[in-house]
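Coordinate inspection notes
So you can see what is in the structure, the chains are spelled out below.
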Amino acid sequence: MKAETDIRGALREWVLKTSTKITAGELKDDMPIIEERIITSLQIMDLILFLEQLTGRSIDVAQLRPGVFRSIDAIYKNFFEDGSDER
Amino acid sequence: MNVERQRSASRNRNHHWYENGQSAFAGELLELFHGIDALFLSWAGECDAAEYAFPTFLPAASLAKLDYFRSFPHLVTFPVTLDADEDNLSRFAEGEPMDQSGAVNLARLAPVCDVLTPAACYHFYPLFKGDVLDGPRYVTTRATCFRREAEYVPLERQWSFSMREIVCLGTAAEVTAFLDGYRRRISAFFDEIGLGIEWKEATDPFFNAPKNPKYLMQKLDPVKTEMVFQDRLAIGSINFHRNYFGEAFEITRAKEATFSGCVAFGIERWIHAWLTQFGHDAKHWPKLP
């Protein structure tokens, strides 16, 4: 498992590369990227593929709960923290 | 089950059910229809919503902008006309116009560029295209809406039905305040008249939902809450569109794509809930405006 700072850095980099709506200076880890439509429905499948690569595990889309992609904080907590259940 | 429900609804002599999924009303039921809509209009008046009356068709291009055809191909209904070429029209007129099953033997069709309204509020966003809002905008309309379904049940699931919507366009804070206020307002009304409604998070009825990213998005970030009667029938909903329509139609508020949200009511479903809860005798109905 990579260090937390590396993972958060990779997530931030993916958001900035994917979205045209935000700059590096504006993006914060607690920013609601779905609610503010920084990441749109067209990009959500790419996010899931990216997380599968980063975690090395497959994600069962049917099991995803509301809020798991709410922010970089939420993604880190749900997919990378010890004991995270990937949902 | 559906047969039982059909029998129950058709008990009322002021309601006529068409097998193609439509209803006609007369007498006390028509008064109830107007009374329920007057109630919604009185609620719309509480935010000074401007009322609009729209035509039946929407340009298909407006719905394509919203990806409607990919999301809801199973629901859409198109108005079609015959190609105006004289030979084409003659062939149709001189041939057998109907087949045994009751289907029209169509000749070549003219290009289809319109859609029968699938939801009342879709008319507002193309109309406001390019507008710069200097404050929140509140509007309301009632439209006959069309949604093709696999089967129909009187008053509950119809091909054409009446939808009243109250819509707010503004900043995220203005829209969420609008939606929260109406949820409280409507809940108080349900309590007052004793209509058993539960609020439930829901998703739109996307085609091939498990593979549709928009469905997944609604699951991850719920934006629709329904007023559910008897644990199974949504008689209305509260919807937060975020800035989806503002972006698609370049409507801006405070220098950014406007947010929007709507409160939607299905009038035939309200009539169903009303008759189920209070009976068919108008003497026992709660008072409406």
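Here's the deal with the overall build of chain A
- When helices and strands are counted, chain A shows 3 helices and 0 strands.
- Along the longest, intermediate and shortest principal axes, the C-alpha atoms of chain A span 30 × 30 × 20 Å.
- Considering only contacts in chain A between residues 6 or more positions apart, those separated by 24 or more positions represent 49%.

Focus: the overall build of chain B
- Along its length, chain B carries 10 helices and 14 strands.
- In terms of C-alpha radius of gyration, chain B reaches 21 Å, essentially the compact-globule figure of 19 Å for 289 residues.
- Buried residues in chain B amount to 33% of all 289 residues.
- Within chain B, contacts between residues at least 6 apart in sequence are counted, and of these 69% link residues at least 24 apart.

Quick notes on the nonpolar core
- Counting residues in hydrophobic clusters, the biggest one holds 55 residues, and the most contacted among them are M163, I166, V167, W270 and I271 of chain B.
- Looking at which element gives the most residues to this core, the answer is helix α2 (residues 27-45) of chain B, with 7 residues.
- The residues contacting W270 of chain B, other than those within four sequence positions of it, are I36, I235 and F265 of chain B.
- Counting residues in hydrophobic clusters, the runner-up holds 16 residues, among them V15, I34 and I44 of chain A together with M217 of chain B.

Quick notes on the packing of helix α2 (residues 41-55) of chain A against helix α8 (residues 213-220) of chain B
- Contact geometry for α2 of chain A and α8 of chain B: axes closest at 8 Å, N-to-C directions at 80 degrees. As the angle between them shows, α2 of chain A and α8 of chain B are arranged roughly perpendicular. When α2 of chain A is examined against α8 of chain B, the residues S41, L42, I44 and M45 of chain A are found in contact with a partner set consisting of P213, K214, L216 and M217 of chain B.
- Residue composition of the contact of α2 of chain A with α8 of chain B, by class: 6 nonpolar, 1 polar and 1 charged.

Focus on the sheet that holds strand β12 (residues 252-253) of chain B
Residue and element names in this part refer to chain B.
- A sheet is described by the order of its strands in space; here 3 strands give the open sequence β6-β12-β13, paired in mixed fashion. If you trace the sheet from one side to the other, it starts and ends with β6 (132-133) and β13 (256-257), each paired once.
- Two strands pair when backbone bridges link them, and β6 and β12 are joined in this way by 2 bridges, in the parallel orientation. Bridge pairing links V132 to T252 in β12.

Focus: unusual backbone geometry
All names here are of chain B.
- For D48, which is not glycine, the phi dihedral falls at a positive 55 degrees.
- Here D48 lies in the loop between α2 and β3 (50-52).
- Residue class for D48 comes out exposed when judged on the 7 C-beta atoms lying within 10 Å of it.
- For R242, which is not glycine, the phi dihedral falls at a positive 50 degrees.
- Locating R242 in the fold gives a position in strand β11 (residues 233-242).

Observations regarding the interface of chain B and chain A
- Taken together, the contact pairs 11 residues of chain B with 13 residues of chain A.
- Examining the composition of the side of chain B that touches chain A, we find that 6 residues originate from one element, α8 of chain B, more than from any other.
- By residue class, the composition of the side of chain B that touches chain A is 6 nonpolar, 1 polar and 4 charged.

A look at the domain arrangement of chain B
Residues and elements named next belong to chain B.
- When cut into domains, chain B gives domain 1 (2-77 + 118-284) and domain 2 (82-115).
- Measuring from the centre of the C-alpha atoms in domain 1 to the corresponding centre in domain 2 gives 34 Å.
- Those elements that provide at least two residues to the side of domain 1 that touches domain 2 are β4 (57-59) and α3 (60-65).
- The element that contributes the greatest number of residues to the side of domain 1 that touches domain 2 is β4, accounting for 3 residues.

Structural notes on the packing of helix α1 (residues 4-18) of chain A against helix α3 (residues 72-79) of chain A
All names here are of chain A.
- At a minimum axis separation of 10 Å, α1 and α3 run at an interaxial angle of 130 degrees. When the axis of α1 is compared with that of α3, the two are oblique. As for how α1 packs across α3, the hand of that crossing is right-handed. Residues I7, R8, L11 and R12 of α1 touch α3, and the partners they reach there are I72, I75 and Y76.

Re the pairing of β11 of chain B
Residue and element names in this part refer to chain B.
- Of all 10 residues that make up β11, 8 are buried, and the element is covered over most of its length.
- Here strand β10 (residues 224-229) pairs with β11 via 6 bridges, running antiparallel. Following the sheet pairing, K224 is matched in β11 by N239.
- In sequence, β10 turns back onto β11 through a hairpin of 3 residues, with Q230 there showing a positive phi of about 50 degrees.
- The pairing of β11 with strand β14 (residues 259-266) spans 6 bridges and is classified as antiparallel.

Points about the confidence of the model for chain B
- On average, residues of chain B score 94 in pLDDT, and 97% of them are at 70 or above.
- Our summary of model confidence lists the complex with pTM equal to 0.89 and ipTM equal to 0.80.

Notes on the sheet that holds β11 of chain B
All names here are of chain B.
- Here we have 7 strands laid out as an open sheet, ordered β3-β7-β8-β14-β11-β10-β9, and mixed in their pairing. For this open sheet the edge positions go to β3 and β9 (197-202), each flanked by a neighbour on one side alone. Pairwise comparison of adjacent strand axes, ignoring direction, gives a mean angle of 20 degrees for this sheet.
- Alignment of β3 against strand β7 (residues 137-146), held across 3 bridges, turns out to be parallel. Among the inter-strand pairings, E51 is bridged to a residue of β7, identified as T140.
- The strands touched by helix α10 (residues 267-278) within the sheet are β8 (160-170), β10, β11 and β14, with β14 carrying the most contacts at an inclination of about 45 degrees.

What counts and what doesn't
Residues numbered from 1 in each chain as written. Chains lettered and ligands numbered in written order. Predicted model: local features only at pLDDT ≥ 70, side-chain atom pairs only at ≥ 80, totals over all residues. Helix = DSSP H or I, 4+ residues; strand = E, 2+ residues; numbered from the N terminus. Contact = placed C-beta atoms within 7 Å. Rg over C-alpha atoms; globule rule 2.2 N^0.38 Å. Buried ≥ 20, exposed ≤ 12 C-beta atoms within 10 Å, placed from the backbone. Core = buried A, V, L, I, M, F, W, Y, C linked by C-beta atoms within 7 Å. Axes fitted to C-alpha atoms, helices over the stretch in contact; angles between N-to-C directions. Parallel < 35°, antiparallel > 145°, perpendicular 65-115°, else oblique. Nonpolar A, V, L, I, M, F, W, Y, C, P; charged D, E, K, R; others polar. Pairing = 2+ DSSP bridges. Domains from an automatic or database assignment. Left-handed = near helix turned anticlockwise from the far one by under 90°. pLDDT = per-residue confidence, 0-100.

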